[in-house]
There are 2 protein chains.
Amino acid sequence: MVKMDRGLLMPASREALPLDRILRDDCVRAMALLPDKSIDCIFADPPYNLQLGGDLHRPDGTMVDAVDDDWDKFESYYTYDRFTRAWLREARRVLKDDGTIWVIGSYHNIFRVGTSLQDEGYWLLNDIIWRKANPMPNFKGTRFTNAHETLIWAAKSEESRYTFNYQAMKALNEDVQMRSDWSLPLCGGAERLKDDDGNKAHPTQKPEALIYRILLATTKPGDVVLDPFFGTGTTGAVAKRLGRRWIGIEREAKYVRVARERIAAALPLDESAMTVMPSRRSAPRVAFGTLVEAGLVPPGTMLSDARRRWAAVVRADSSLMHEGQSGSIHKLGAALQGAPSCNGWTFWHMERAPGQLEPIDTVRQAWLAQAPAS
Amino acid sequence: MVKMDRGLLMPASREALPLDRILRDDCVRAMALLPDKSIDCIFADPPYNLQLGGDLHRPDGTMVDAVDDDWDKFESYYTYDRFTRAWLREARRVLKDDGTIWVIGSYHNIFRVGTSLQDEGYWLLNDIIWRKANPMPNFKGTRFTNAHETLIWAAKSEESRYTFNYQAMKALNEDVQMRSDWSLPLCGGAERLKDDDGNKAHPTQKPEALIYRILLATTKPGDVVLDPFFGTGTTGAVAKRLGRRWIGIEREAKYVRVARERIAAALPLDESAMTVMPSRRSAPRVAFGTLVEAGLVPPGTMLSDARRRWAAVVRADSSLMHEGQSGSIHKLGAALQGAPSCNGWTFWHMERAPGQLEPIDTVRQAWLAQAPAS
DNA sequence: CGAGGCGATGAATCAACTG
DNA sequence: GCAGTTGATTCATCGCCTC
């Protein structure tokens, strides 16, 4: 028996939980009705508090469909912190002592979430980077492409004996330990839910592969997973497929409707279908600039083609310069030859020993052998 | 002249700064002696061991007791926050209005740093993931391999017009935008500094490639870079190499000694190697009318967009005319597409050879190449 | 039926100068 | 300070259509 904070006694048994159901309500209010220490794992995708300004146009003149929903608007950092602490406190109460919580966010909110987690007594286990294989570019060229989101994985306390399926993660990752950076594509294509008008049903739907990895890593079959910001129910759909029980909380009726339909249609899936090996394509590649930064091809190096018809100097940003013309190893190679394109890796050579030209591709190969990309 | 907060008037001129020097002192105390708004860029690698004790000091220089129990953990977060805010506040004072700051950390401290940055009035521009190509494995198999660190890049305020060398970063990354995740190896091998006993001279020496990318992206040659936690002087060595000025602050004499030697041995790049791809925003402006007057685009020329959906004729005053509509190359392009704005230079094309359309921007480039800078 | 072109789009804190 | 003008700026993926 567990004493609830309104003074009632309530069984913490599985039967008391609204399993495999969506509660349409504010998440703090809905969690308040759940017993203490009854949940194995929480996945939370709270509002990010993006603080966007005016419209943003792509170079082709079309407008970016921004997240401008009311649920993402907060008056101040202070207001956002109060909101965050309220739901984190309630989440910690319903979490079992050995349970863990996942929260996802971007640089707009994740630092405040992390601070709040620590201040509320959680014990951080990892921060995980979801490296987006296909992020939206930075259209104006004003910053680095915002190409990732951050997840925090935390236990209820430092003493917690939490679930981590080490071998399952290793198996999922070509038999090497799963790292803290995960390369996964955005949710799109057939997986992306549409409303009746053909528009996206929810502005921030997460890919199932992300939740799949989370639940596979940190829950056991039959565990109860709570999602206080359920949206279109990705957590419910994946939990059902993986044989976990789930509870979703969502305030907006239209999302609840979409989620119900979706989860009803979800089939427990053959595990092999989801155990996608990290594809070479999604792995980071080696740019010529990496070799320049690393000092293998220092700025100032002279490069030439195999027959020494042209020579060029490597600049600090790895662009090449030849008699006032400049560009990347590929672009300048193409321009000098008058060709539409050129593989700079094989076109340009450096003199590693006197009189001996070697294509810069051999430098790249040496680099790859010494510091593998994965 | 700049008014300092202790009521003295002090010149903010470059001569007043201890350029290319290491100040052996506590960073808050040393920064207090620097003038307001005198620094272009700050790189900071603050201590983050919350529980290990030893490295954590209060702003007044006294040491924090290492503590383990829950109550004192809160005390230690609180103390760490106070320390963080103290140096961030002083850093913001010495930063120019258009300057930026970089801070690196791990999940132990980066959330508190990010929150403090926001609370102190900084405006976050990006969080950058340093994805370690060769991280230390997790030996116990109890968590995901901690394979990255996080950097935060922030401007002094939302209105700041900060430096970002977009084209240089694009060049460094095979001609596609630089993303927020950077894959770089740990600092090791010959780069890793050793003390007389052959042990590593500093426990958290950062790779030069990381600082190289940071300084190349967000500073200009001659800019002043401040590092308040200088350690073995990686920031100084890279700044010297890239033709930037630097100021280092370090409390421990043994690190100061190592850093001095190291930086003295670093070789600056020569001028030609140091240049990077210029931003087009900094190129001199050329009015379309200039090209019309010069006869490169004679009045009467027919222009069209790349897909020949619209055609327009150039008038004597360099305005364009299309079926009764007229306006500048930009205005008419925007109007025809129904877009709020349009770059007429890349939108409009002329037929220089039969069947071959070329953007009028190439005419401008030709003009710029022929008429040297004013 | 396959290759290739075209259009759409994704949690985005997305310009700078002149008058 | 505000308004108007100039002009710099995009990557990967998916679906649909044409050839």
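- Named according to an unreviewed UniProt entry, chain A is Methyltransferase originating from Sphingomonas morindae.
- According to the UniProt record, the Sequence similarities (unreviewed entry) comment for chain A reads "Belongs to the N(4)/N(6)-methyltransferase family."
- Looking at chain A in UniProt, the text filed under Catalytic activity (unreviewed entry) is "a 2'-deoxyadenosine in DNA + S-adenosyl-L-methionine = an N(6)-methyl-2'-deoxyadenosine in DNA + S-adenosyl-L-homocysteine + H(+)".

**So, the packing of helix α2 (residues 77–94) of chain A against helix α3 (residues 110–119) of chain A**
Residues and elements named next belong to chain A.
For step 1, the next point in the chain: One way to put it is that α2 packs onto α3 with a least axis distance of 10 Å and a crossing angle of 45°. Considering the angle they form, α2 stands oblique to α3. Here α2 and α3 pass one another in a crossing that is right-handed. Of the residues in α3, those in contact with Tyr77, Tyr80, Asp81, Thr84, Arg85 and Leu88 of α2 are Arg112, Val113, Thr115, Ser116, Leu117 and Asp119.

**Section: the nonpolar core**
For step 1, the next point in the chain: Residues A:Trp87, A:Ile101, B:Trp87 and B:Ile101 are the most contacted members of the largest nonpolar core, which totals 67 residues.
For step 2, the next point in the chain: Excluding anything up to four places from it in sequence, B:Ile101 contacts B:Ile42, B:Trp87, B:Leu88, B:Ala91, B:Leu95, B:Leu117, B:Tyr122, B:Ile152, B:Trp153 and B:Ala154.
For step 3, the next point in the chain: If you look at the next biggest cluster of nonpolar residues, it comprises 64 residues, including B:Phe43, B:Met169, B:Leu172 and B:Ala217.

**Some remarks on the environment of A:Gly114**
For step 1, the next point in the chain: Positionally, A:Gly114 belongs in helix α3.
For step 2, the next point in the chain: For the pair A:Gly114 and A:Leu151, spaced 37 residues apart in the sequence, the C-alpha separation amounts to 9.6 Å.
For step 3, the next point in the chain: Sequence-distant contacts of A:Gly114, that is, excluding residues within four places in its chain, are made with A:Ile152 and B:Phe111.

**Some remarks on the sheet that holds strand β16 (residues 356–359) of chain B**
Residue and element names in this part refer to chain B.
For step 1, the next point in the chain: Spatially, six strands are ordered β14-β13-β12-β11-β15-β16 in an open sheet, and the strand pairing comes out antiparallel. Edge positions in the sheet fall to β14 (325–327) and β16, since each has one partner strand and no second. With strand direction ignored, the average angle separating the axes of adjacent strands in the sheet is 40°.
For step 2, the next point in the chain: Where strand β11 (residues 302–304) and strand β15 (residues 349–353) come together, two bridges link them in antiparallel fashion. When the sheet's bridge partners are listed, Leu303 is paired in β15 with Met350.
For step 3, the next point in the chain: Of the strands in this sheet, β12 (311–314), β13 (320–322) and β14 are in contact with helix α10 (residues 329–337), which crosses β14 at around 140°.
For step 4, the next point in the chain: Along the sheet, helix α12 (residues 360–370) makes contact with β11, β15 and β16, crossing β16 at roughly 60°.

Reading guide: rules and limits
- Residues numbered from 1 in each chain as written.
- Chains lettered and ligands numbered in written order.
- Predicted model: local features only at pLDDT ≥ 70, side-chain atom pairs only at ≥ 80, totals over all residues.
- Heavy atoms only, no water.
- UniProt positions renumbered as here; feature names shortened; annotations may be inferred.
- Axes fitted to C-alpha atoms, helices over the stretch in contact; angles between N-to-C directions.
- Helix = DSSP H or I, 4+ residues; strand = E, 2+ residues; numbered from the N terminus.
- Parallel < 35°, antiparallel > 145°, perpendicular 65-115°, else oblique.
- Left-handed = near helix turned anticlockwise from the far one by under 90°.
- Contact = heavy atoms within 4.5 Å.
- Core = buried A, V, L, I, M, F, W, Y, C linked by side-chain atoms within 4.5 Å.
- Buried < 20%, exposed > 50% of the residue type's maximum accessible area, 1.4 Å probe, protein only.
- Pairing = 2+ DSSP bridges.

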